[in-house]
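Each chain, written out:
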Amino acid sequence: MFLPDFDYHAPETLAEACDLLRDLGPSAKILAGGTDLLIKMKHGLVTPRAVISLKALDELKTITHVPGRGVVIGARATHNDLVNSPVLHEHFLSVSEAAHKMANNQIRNRGTVGGNLVNAIPSADLPPILIALDAWITLVGSNTSRTVPLHTFFTGPSCCVIDPVDEILTEIVLPDQPTTGSTYLKFGLRRSGALSVTGVAAAVTMDGDTIVDSRICLGAVFPVPVRAHDAEDVLRGKTWSDELLAEAGEAASCCALPITDIRGTAEYRLDLVRVLTKRALKRAITEGHV
Ligand SMILES: Cc1cc2nc3c(=O)[nH]c(=O)nc-3n(C[C@H](O)[C@H](O)[C@H](O)COP(=O)(O)OP(=O)(O)OC[C@H]3O[C@@H](n4cnc5c(N)ncnc54)[C@H](O)[C@@H]3O)c2cc1C
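The model shown is predicted, which means the values in this text are computed figures rather than measured ones.

Enquirer: What exactly am I supposed to notice about the overall build of the protein here?
Expert: Helix and strand counts for the protein stand at 11 helices and 14 strands. The C-alpha radius of gyration computed for the protein amounts to 19 Å, which stays within 12% of the reference 19 Å derived for 290 residues, consistent with globular compactness. In terms of its C-alpha atoms, the protein occupies a principal-axis envelope of roughly 60 × 45 × 30 Å. The 290 residues of the protein split such that 46% are buried. For the protein, the proportion of contacts with a sequence separation of at least 24, taken over those separated by at least 6, is 64%.

Set out below in structure tokens:
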């Protein structure tokens, strides 16, 4: 299977990349790691006349902690950059762990956070944990720059609010927060290299045994990553117990609207939501790292 012909651009600056995208219009596509785009091009599912690679934009690859702002992840950071980042190990270990659950080593070396978000597939692994940690993102165009809370970014399977002919996702920001524990649990059909059948991310703020607040985000069980607000309401202000977490799992399943496909039935996915929500919450509460 061969790639069709296309013009290749590798701009040296973000401004140049934005201008190219605007000038080339819908016939151009941004290329990050290519683990999704190049496969679609080989299958003839997308046929861009031009590809704009972000590979020269090293400023989009850094992961830093900016006091008062939070951890800023460049959109070009690969999944293995997340896995190995000392900054994430210190501030948001759960994001490193979630990245480690993705794909296989080859894909983790190429695939980027930005590509994972803009791809917007419902089973993607990074959106649930990033949404549970209240992330927001920056979209830069030739004459614009806007910030978007990640939970409002996705609009449907493979759809998001980015303007594909003018905007580039540049950074993901995990704000400093009072969260005391977080985790992402994924169920796939194999131990590695498998897409998620269901994924659940939980972030909790504890005061002793009391759950002051929580954010729970479900993946692969709704057209977009979805917050389980009903489950969060069950937990707020209560002393945690296994029974309470089971009640939250039940409530979370009411927030899901899964499909049946080759990886699992809708009923099976609802069961996974119940079980994974309970386990993710318990891990976030008892292991005490964010
Ligand atoms: C074998 C295999 C296993 C996989 N396993 C998993 C898995 O377990 N979990 C999972 O979540 N995903 C998985 N994926 C999907 C894919 O690898 C990831 O979604 C990856 O993060 C995509 O990033 P990329 O940099 O390769 O994107 P690309 O292929 O370069 O781009 C994807 C899309 O995003 C756009 N884009 C990329 N970056 C930007 C940007 N900064 N601004 C604007 N638009 C941009 C591109 O134009 C394109 O439309 C797997 C893929 C393969 C091939």
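Enquirer: Looking at this model, I keep getting lost on the sheet that holds strand β12 (residues 196-207). Mind explaining?
Expert: By way of backbone hydrogen bonds, the strands of a sheet pair with one another, either parallel or antiparallel. With antiparallel pairing, the four strands of this open sheet are ordered in space as β11-β12-β13-β14. The sheet is open, and its two borders are formed by β11 (181-188) and β14 (226-227), each paired with just one other strand. Relative to strand β13 (residues 210-219), β12 runs antiparallel, the two being bridged by nine bridges. Counted as the bridge partner of Asp207 is Thr210 from β13.

Enquirer: Hey, could you run me through the environment of Thr210 in this one?
Expert: You can see Thr210 is positioned in strand β13. Residues Thr210 and Ile285, 75 residues apart in the sequence, show an inter-C-alpha distance of 9.8 Å. Not counting the four nearest positions on each side in its chain, Thr210 is found in contact with Gly237 and Thr239.

Enquirer: Teacher, can you tell me more about unusual backbone geometry here?
Expert: Peptide bonds are mostly trans, and most non-glycine residues show a negative phi. A positive phi is found at Ala103, a non-glycine position, where the angle reads about 45 degrees. Mapped onto the secondary structure, Ala103 falls in the loop between α5 (93-100) and α6 (105-110). Using a count of 20 C-beta atoms within 10 Å as the deciding quantity, one classes Ala103 as buried. Even without being a glycine, Asp134 presents a positive backbone phi close to 65 degrees. With respect to the element layout, Asp134 can be found in the loop between α8 (126-132) and β6 (136-140). Given 17 C-beta atoms within 10 Å, Asp134 falls into the partly exposed group.

Enquirer: Looking at this structure, I do not really get the sheet that holds strand β3 (residues 50-53). What am I missing?
Expert: Taken in spatial order, the three strands line up as β1-β3-β2 in an open sheet, and their pairing is parallel. Edge positions in the sheet fall to β1 (7-9) and β2 (28-31), since each of these pairs with one other strand and no more. Strand after strand, the sheet turns through a mean of 25 degrees between neighbouring axes, direction not considered. Both β1 and β3 contribute to a ladder of three bridges, which runs parallel. In the sheet register, Tyr8 faces β3, and the bridge partner there is Val51.

Enquirer: Sorry if this is basic, but what is going on with the domain arrangement of the protein here?
Expert: Where interface size is quoted, it is often the accessible area lost as the parts come together. Each domain of the protein was delimited in the assignment, giving domain 1 (7-53), domain 2 (60-174) and domain 3 (181-287). Relative to domain 3, the C-alpha centre of domain 1 lies at a distance of 36 Å.

Rules behind the numbers
- Residues numbered from 1 in each chain as written.
- Predicted model: local features only at pLDDT ≥ 70, side-chain atom pairs only at ≥ 80, totals over all residues.
- Helix = DSSP H or I, 4+ residues; strand = E, 2+ residues; numbered from the N terminus.
- Rg over C-alpha atoms; globule rule 2.2 N^0.38 Å.
- Buried ≥ 20, exposed ≤ 12 C-beta atoms within 10 Å, placed from the backbone.
- Contact = placed C-beta atoms within 7 Å.
- Pairing = 2+ DSSP bridges.
- Axes fitted to C-alpha atoms, helices over the stretch in contact; angles between N-to-C directions.
- Domains from an automatic or database assignment.

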